[in-house]
Amino acid sequence: MSLLGQSKFQIHKGTLLITLPQQLLGIGGSSYLVFCENINVMLWLMASYISWVLIGVVGVGTFYHKYWAHKSFNTYWFIELIGTFLGILAGLGAPFFWVAVHMDHHHRYADRNSLDLHSPTKGFFNAYCGWQFKAFNLKSKTAKRLLRCGNFRLFSKYYYQIYWTVVLLLFLIHPYAPIFLIFLPGAIHFHVEGLVASFCHTKRWGYRNYETDDESVNILLLGWLTWGAAFHNNHHGAPRKCHNRLEPYEIDLSEIVLFLIPKCRDSWSEKLKIKS
Ligand SMILES: [Zn+2]
Ligand SMILES: [Zn+2]
């Protein structure tokens, strides 16, 4: 297998090593503890929500997606390191894998070609999560270019090792901590991504501000709940924008995160060592 494990075997490995334990321990384990054990439910669930914001909204939504995949903003290497570290804790795949699926498959072929791996044109379940259980050859032109960046390479190469080391350390601090701080928020974000990929690419469920070539829509309530992710037609209409807000009522809470991140003025061409 190559450095970053392309092709069919990567999918099964990722599913077995993180997705399945994450769902079982995150949903099943937290439900058992909430209903059957005498724990401080409000405290643990509040911690889970904060952790979801950190690993899902900041890690995946802001850094995997807006920063690495779309290069919507630029920041300092240590902020990049923290943001990408948070992203891998969501357990949705290494940065290389996530960016390749999102840019080299989804945006490039959105709903128009079977190479869009999670399009609902191949069925609702396929879009929600089924695509992750199928073998496919990963296209990775955009993601390969990002390997020139040290943090992207580091977290892509050692994704599993870092993820499970953090889980182990948290377990040693408190046995419930991995369940409420890693598995449950990761499982929630797995379903957030599934909801956006399926409902937000089916025209009958929402409305459109941009006449794009794909089936993308905005869903107001889901957009509020997912910190802007479900204003998905706005994203496909203007993919390089930092936020997904167009109308005043389309509240994209991820703008709070973007406001707090210090930006640097270096261009992405400099960062990727591309000659202009
Ligand atoms: Zn999309
Ligand atoms: Zn995107």
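Just above sits the structure.
Below or above, wherever it landed, is the structure these notes cover. What you see is a predicted model; the values in this text were computed from it and never measured.

**Re the packing of helix α2 (residues 41-69) against helix α4 (residues 95-109)**
- At a closest axis distance of 10 Å, the pairing of α2 and α4 adopts a crossing angle of 65°. Crossing handedness for the pair α2 and α4: right-handed. Where α2 abuts α4, its residues Tyr64, His65, Trp68 and Ala69 lie against Pro95, Trp98, Val99, His102 and Met103.
- Considering only residue class, the contact of α2 with α4 consists of seven nonpolar, two polar and no charged.

**A few points about the packing of helix α3 (residues 77-88) against helix α7 (residues 150-157)**
- Closest axis-to-axis distance for the α3/α7 pair is 10 Å, and the angle between their directions is 25°. Viewed along their axes, α3 and α7 adopt a mutual orientation that is roughly parallel. Between α3 and α7 lies a crossing of right-handed hand. In this structure, α3 contributes Trp77, Glu80, Leu81, Thr84, Phe85 and Ile88 to the contact, and α7 contributes Asn151, Phe152 and Phe155.

**Side note on the environment of Tyr176**
- Within the secondary structure layout, Tyr176 lies in the loop between α8 (159-173) and α9 (177-199).
- The spatial distance from the C-alpha of Tyr176 to the C-alpha of Asn218 is 36 Å, given a sequence separation of 42 residues.
- Ignoring sequence-local partners within four residues, the contact set of Tyr176 consists of Leu33, Ile39 and Trp44.

**Details of the nonpolar core**
- One finds Trp68 and Val99 to be the most contacted residues of the largest nonpolar core, which totals 57 residues.
- Of all the secondary structure elements, the ones that give two or more residues to this core are α2, α3, α4, α5 (124-128), α6 (141-146), α7, α8 and α9.
- If you tally residues by element for this core, the top one is α9, at 12 residues.
- Among all residues touching Trp68, those that are not within four sequence positions of it are Phe63, Pro95, Val99, Leu146 and Phe152.

**Remarks on the environment of Leu181**
- Relative to the assigned elements, Leu181 resides in helix α9.
- Take Leu181: there are 24 C-beta atoms within 10 Å of it, and that puts it in the buried class.
- Spatially, the C-alpha atom of Leu181 lies 6.7 Å from that of Ala47, the residues being 134 residues apart in sequence.

Analysis parameters
- Residues numbered from 1 in each chain as written.
- Chains lettered and ligands numbered in written order.
- Predicted model: local features only at pLDDT ≥ 70, side-chain atom pairs only at ≥ 80, totals over all residues.
- Axes fitted to C-alpha atoms, helices over the stretch in contact; angles between N-to-C directions.
- Helix = DSSP H or I, 4+ residues; strand = E, 2+ residues; numbered from the N terminus.
- Left-handed = near helix turned anticlockwise from the far one by under 90°.
- Contact = placed C-beta atoms within 7 Å.
- Nonpolar A, V, L, I, M, F, W, Y, C, P; charged D, E, K, R; others polar.
- Parallel < 35°, antiparallel > 145°, perpendicular 65-115°, else oblique.
- Core = buried A, V, L, I, M, F, W, Y, C linked by C-beta atoms within 7 Å.
- Buried ≥ 20, exposed ≤ 12 C-beta atoms within 10 Å, placed from the backbone.

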